[in-house]
Amino acid sequence: QVQLVESGGGLVQAGGSLRLSCTTSGRTGINYLMGMGWFRQASGAEREFVAGISRSGGSTSYADSVKGRFSISRDNPKNTVYLQMNTLKPEDTALYYCAADRSLRSGAPDRSGHFDYWGQGIQVTVSS
């Protein structure tokens, strides 16, 4: 079994930045084999894709709403994936989830059905 733990959320003013981290554990080296991604779910809304990154880190994908503001990256030796969020807006307020894709897909996973493991989520609140 694989566990995903998110960190780095919190409260920030509009225009500010946050960096989320997601660390995988449970099976040594498994992080190297999995595409990773971030999703978010605002209160009363459906969960939506935010960003994805391929196993190698060479391919990324973003939702249109975050392109140019958010950046996903990974550090495989540390079993960690990051989501750098800049120029945050109140509409970015949501519970953010890390997810892992075990399918050995070559490109960046970019939809909910691509992912097999999910973290518990971490709150990001952007005040106006």
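The structure this text deals with has already been given above.
Just so it is clear, the model here is predicted, and its values are computed rather than measured.

Conventions we followed
- Residues numbered from 1 in each chain as written.
- Predicted model: local features only at pLDDT ≥ 70, side-chain atom pairs only at ≥ 80, totals over all residues.
- Heavy atoms only, no water.
- Helix = DSSP H or I, 4+ residues; strand = E, 2+ residues; numbered from the N terminus.
- Rg over C-alpha atoms; globule rule 2.2 N^0.38 Å.
- Buried < 20%, exposed > 50% of the residue type's maximum accessible area, 1.4 Å probe, protein only.
- Contact = heavy atoms within 4.5 Å.
- Areas by Shrake-Rupley, 256 points an atom, 1.4 Å probe, with all protein chains shown as cover.
- Lys, Arg positive; Asp, Glu negative; His and termini not counted.
- Charge placed at Lys NZ, Arg CZ, Asp CG, Glu CD.
- Pairing = 2+ DSSP bridges.
- Core = buried A, V, L, I, M, F, W, Y, C linked by side-chain atoms within 4.5 Å.
- Axes fitted to C-alpha atoms, helices over the stretch in contact; angles between N-to-C directions.

## Some points on the overall build of the chain
Tallying secondary structure elements over the chain gives 0 helices and 11 strands in all. Traced from its N-terminal end to its C-terminal end, the chain shows the element sequence β-β-β-β-β-β-β-β-β-β-β. Its C-alpha radius of gyration of 14 Å places the chain within 12% of the 14 Å reference for a compact globule of 128 residues. Overall, the chain is about 40 × 25 × 25 Å in size when its C-alpha atoms are taken along their principal axes. Looking at the chain residue by residue over its 128 residues, the buried ones come to 45%. Long-range contacts, defined as pairs at least 24 residues apart, comprise 59% of the intrachain contacts of the chain with a sequence gap of at least 6. As displayed, the chain offers around 6300 Å² of accessible surface, 44% of which is attributable to carbon and sulfur atoms. Side-chain charges in the chain split into 13 positive and 10 negative, and the spacing between the mean points of these groups amounts to 6 Å.

## Side note on unusual backbone geometry
The backbone of T87 sits at a positive phi, close to 50 degrees, despite the residue not being glycine. Accessibility expressed as a relative area gives 46% for T87, which makes it partly exposed. At L104, a position not held by glycine, the phi torsion is positive, near 65 degrees. Mapped onto the elements of the fold, L104 is located in the loop between β9 (94-101) and β10 (117-118).

## Side note on the pairing of strand β5 (residues 48-53)
The side chains of a regular strand alternate, first on one face of the sheet and then on the other. With 5 of 6 residues buried, β5 lies mostly within the body of the structure. Relative to β5, strand β4 (residues 35-41) is paired through 5 bridges, and the arrangement is antiparallel. Each residue of the ladder has a partner; that of F39, found in β5, is F49. Counting the residues between successive antiparallel strands, the hairpin from β4 to β5 contains 6 residues, one of them, G44, with a positive phi of roughly 80 degrees.

## Remarks on the nonpolar core
The biggest cluster of nonpolar side chains holds 34 residues, and the ones touching the most others in it are M36, W38, L83, M85 and Y96. Sorting the residues of this core by element identifies β3 (18-25), β4, β5, β7 (70-75), β8 (80-85), β9 and β11 (122-127) as the ones contributing at least two each.

## Here we look at the pairing of β4
Of all 7 residues that make up β4, 6 are buried, and the element is covered over most of its length. Summarising the sheet, β4 and β9 pair through 7 bridges and their orientation is antiparallel. Across the sheet, G37 pairs through a bridge with A99, a residue of β9.

## Points about the sheet that holds strand β1 (residues 3-7)
Pairing within the open sheet is antiparallel, and its 4 strands lie in the order β1-β3-β8-β7. At either margin of the open sheet sits one strand with a lone partner, and together these are β1 and β7. Strand after strand, the sheet turns through a mean of 15 degrees between neighbouring axes, direction not considered. For β3 and β8, the ladder comprises 6 bridges, and the chain directions are antiparallel. By the bridge assignment for β8, C22 is matched with V81.

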